[in-house]
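Examining the three-dimensional arrangement
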Amino acid sequence: MRINNRNFTFSTLLVIIALSMGLCSCQSQTAIMHSSFTPGEIWLDTDSVHINAHGGGIIFDNGKYYWFGEHKTAGRGGNSALVGIGCYSSDDLYNWENEGIALASANDPDSEIVKGCVMERPKVIYNEKTDTYVLWFHLELKGQGYAAARTGVATSKNVTGPYTYLGSHRPNAGHWSIELQGKMDNKEFASDLEWWTPDWRKAVNEGLFVKRDFEKGQMSRDMTLFVDDDGKAYHIHSSEENLTLHISELNDDYTGFTGKYTRLFPGGHNEAPAIFKRNGNYYLIASGCTGWDPNAARSAVATSIWGPWESLGNPCIGKDAELTFHSQSTYVLPVQGKKDAYIYMGDRWRPRNPIDGRYIWLPIRFENEKPVIEWHDEWDLNIFDN
Ligand code: GAL
């Protein structure tokens, strides 16, 4: 009786194992194929797991899209880099395969990218001269909140990585921006200026914080990258206590700064920058500064990356336009093979459970050369053919 019982238990177990293996393979065979975007909904990858690539950016390489983003974890604290920067690939922009961690946060307590630091808004570009992929991201050192304001760089010979960490920068140490050159030699600022007063605003405009950080390099928080048609690359970042965006030229191998930079909308309080080019014009989409909470997006246009930049106001229209449909910009993706097809990529942050953050992808259309973003519950790439 006992033996029988044991046999029964053993065979039942075998059946259960066989069944569950069958079910598993069946599940992966029937992984949901997406053929549309549903902004704000859970977006499953090809393993049926919610995509984990926040504050991301995309590179198109050898016929495939690669999406890099912050790998978040569950619960409070899940915004710090406990895992690193993840990568996904796709042929069609709807279905994404997890390519694993491209740059892992380190176990070494002496590393700048030790687990628990902040690694945000990663972007990858390809350098033709060196045949190398270059990854930049916003770095905050462990235990220092957002005080370090650095940008980190890593390279790899393979688009998906693993990337080798090279180090971090405070950009453009010892350089004035283009517009401040020749004006700063004898410039003095009062040391007791109260924030937000007219005198303080005037001083910010005239380079108060650029001067403060001249020797050690400028602050670099929210960032993006942009490669122009001539192969020149730019690092665009929130600087000067998040008050002013800087557009900085990268060197020939894209791993450092040349010292040439311009200040965009001094005192304008812009972050989450995204830049794209259309019909020879440069467009910027950015957010205001309210941390994880959404605010109204801003847009701007210029005929040269060096400006002058003209403000175009909020590109969003319709319900919740003043909150960017509860999202914050991270990238604008030009769709391959389609004319005038650009996708606004934003994050709907969930700071209490960061891994649950959602992706808000919406088509951008142009009215009188001005970008316009409208909400769609569901849409697909055919929208660009109409
Ligand atoms: C946002 C920024 C995010 C993250 C967050 C932290 O303003 O865009 O990338 O840094 O602040 O509070």
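Computed from a predicted structure; not experimentally measured.

Conventions used here
Residues numbered from 1 in each chain as written. Predicted model: local features only at pLDDT ≥ 70, side-chain atom pairs only at ≥ 80, totals over all residues. Heavy atoms only, no water. Buried < 20%, exposed > 50% of the residue type's maximum accessible area, 1.4 Å probe, protein only. Helix = DSSP H or I, 4+ residues; strand = E, 2+ residues; numbered from the N terminus. Arc of directions from axis to C-beta. pLDDT = per-residue confidence, 0-100. Contact = heavy atoms within 4.5 Å. Pairing = 2+ DSSP bridges. Axes fitted to C-alpha atoms, helices over the stretch in contact; angles between N-to-C directions. Core = buried A, V, L, I, M, F, W, Y, C linked by side-chain atoms within 4.5 Å. Near = heavy atom within 4 Å. Polar contact = N/O pair within 3.5 Å; in protein donor to acceptor, adjacent residues only side chain to side chain. Areas by Shrake-Rupley, 256 points an atom, 1.4 Å probe, with all protein chains shown as cover. Nonpolar A, V, L, I, M, F, W, Y, C, P; charged D, E, K, R; others polar. Phe/Tyr/Trp six-rings, centres within 6.5 Å; stacked < 30°, edge-to-face > 60°. Lys NZ or Arg CZ within 6 Å of the ring centre and 35° of its normal.

Further remarks concern helix α2 (residues 198-205). Of all the residues in α2, the buried ones are Trp-200, Ala-203 and Val-204. What you see down the axis of α2 is that its buried residues fit within an arc of 100°, all on one side. Of the exposed residues in α2, the ones pointing more than 90 degrees away from its buried face are Pro-198, Asp-199 and Lys-202. Looking one or two places after α2, you find Gly-207, whose phi comes out positive at around 105°.

So, about the confidence of the model for the protein chain. Predicted coordinates in regions of low pLDDT should not be interpreted in detail. Mean pLDDT over the protein chain works out to 93, with 92% of the residues at or above the 70 mark. Note that residues 1-29 has pLDDT below 50 and, in this model, zero contacts with residues that lie over four places away or in other chains.

One open sheet accounts for four strands, arranged β9-β10-β11-β12; its pairing is antiparallel. Unpaired on one side and paired on the other, β9 (223-227) and β12 (257-264) mark the two borders of the sheet. Across the sheet, the mean angle from the axis of one strand to that of its neighbour is 25°, orientation sign disregarded. Taken together, the five bridges between strand β11 (residues 244-250) and β12 define a ladder with antiparallel strand orientation. Counted as the bridge partner of Ile-247 is Thr-262 from β12.

Attention now goes to the environment of Gly-313. The topology assignment puts Gly-313 in strand β16 (residues 310-313). Sequence-wise, Gly-313 and Ala-297 are 16 residues apart; in three dimensions their C-alpha atoms are separated by 7.8 Å.

The next thing to look at is the nonpolar core. Across soluble globular proteins, nonpolar side chains show a tendency to be buried alongside one another. Trp-67, Leu-93, Trp-96, Ile-343 and Trp-361 are the most contacted members of the largest nonpolar core, which totals 40 residues. Secondary-structure elements contributing two or more residues to this core are β2 (64-71), β13 (271-278), β14 (281-287), β18 (328-334), β19 (342-348) and β20 (358-367). Element by element, the count of residues in this core is highest for β20, at six residues. If near-sequence neighbours (up to four positions away) are discounted, Leu-93 is found in contact with Phe-37, Trp-43, Tyr-65, Leu-333, Val-335, Ile-343, Trp-361 and Leu-381.

Time to look at the site of the ligand. The environment of the ligand is made up of Glu-120, Arg-121, Tyr-146, Asp-222, Glu-271, Gly-291, Trp-292 and Gln-328. Residue Glu-120 places a side-chain N or O atom 2.6 Å away from an oxygen atom belonging to the ligand. A distance of 2.9 Å separates an oxygen atom of the ligand from a polar side-chain atom of Arg-121. Protein coverage of the free-state accessible area of the ligand, which is 310 Å², stands at 89%. Taken together, the residues of the shell around the ligand break down into two nonpolar, two polar and four charged.

Each regular strand carries side chains that alternate between the two faces of the sheet. With seven of seven residues buried, β14 is to be regarded as a mostly interior element. By the bridge criterion, six bridges tie β13 to β14 in an arrangement that is antiparallel. Looking at the pairing, Arg-278 lines up with Asn-281 of β14. Hairpin connection, β13 to β14: the antiparallel pair is bridged by two residues, and Asn-279 has positive phi, about 50°. In the sheet, β14 pairs with strand β15 (residues 298-302) via five bridges, with the strands oriented antiparallel.

Turning our eyes to something else, we now look at the packing of aromatic side chains. Counted according to the given criterion, the structure contains 32 aromatic pairs. With a centroid separation of 5.9 Å and 80° between ring planes, the pair formed by Phe-37 and Trp-43 is classed as edge-to-face. The exposure class of Phe-37 is buried, given its relative accessible area of 2%. Judged by centre distance (5.4 Å) and plane angle (55°), the rings of Trp-43 and Trp-67 are tilted. In this pair, Trp-43 sits in the loop between α1 (2-29) and β1 (54-61) while Trp-67 sits in strand β2, placing the two residues 24 residues apart along the sequence. According to the relative accessible area criterion, Trp-67 is buried, its value standing at 0%. A network of ring pairs unites the aromatic residues Phe-37, Trp-43, Trp-67, Tyr-88, Tyr-94, Trp-96, Tyr-359, Trp-361, Trp-379 and Phe-384 as a single cluster. Against the face of Phe-366 rests Arg-278, its NZ or CZ located 3.8 Å from the ring centre.

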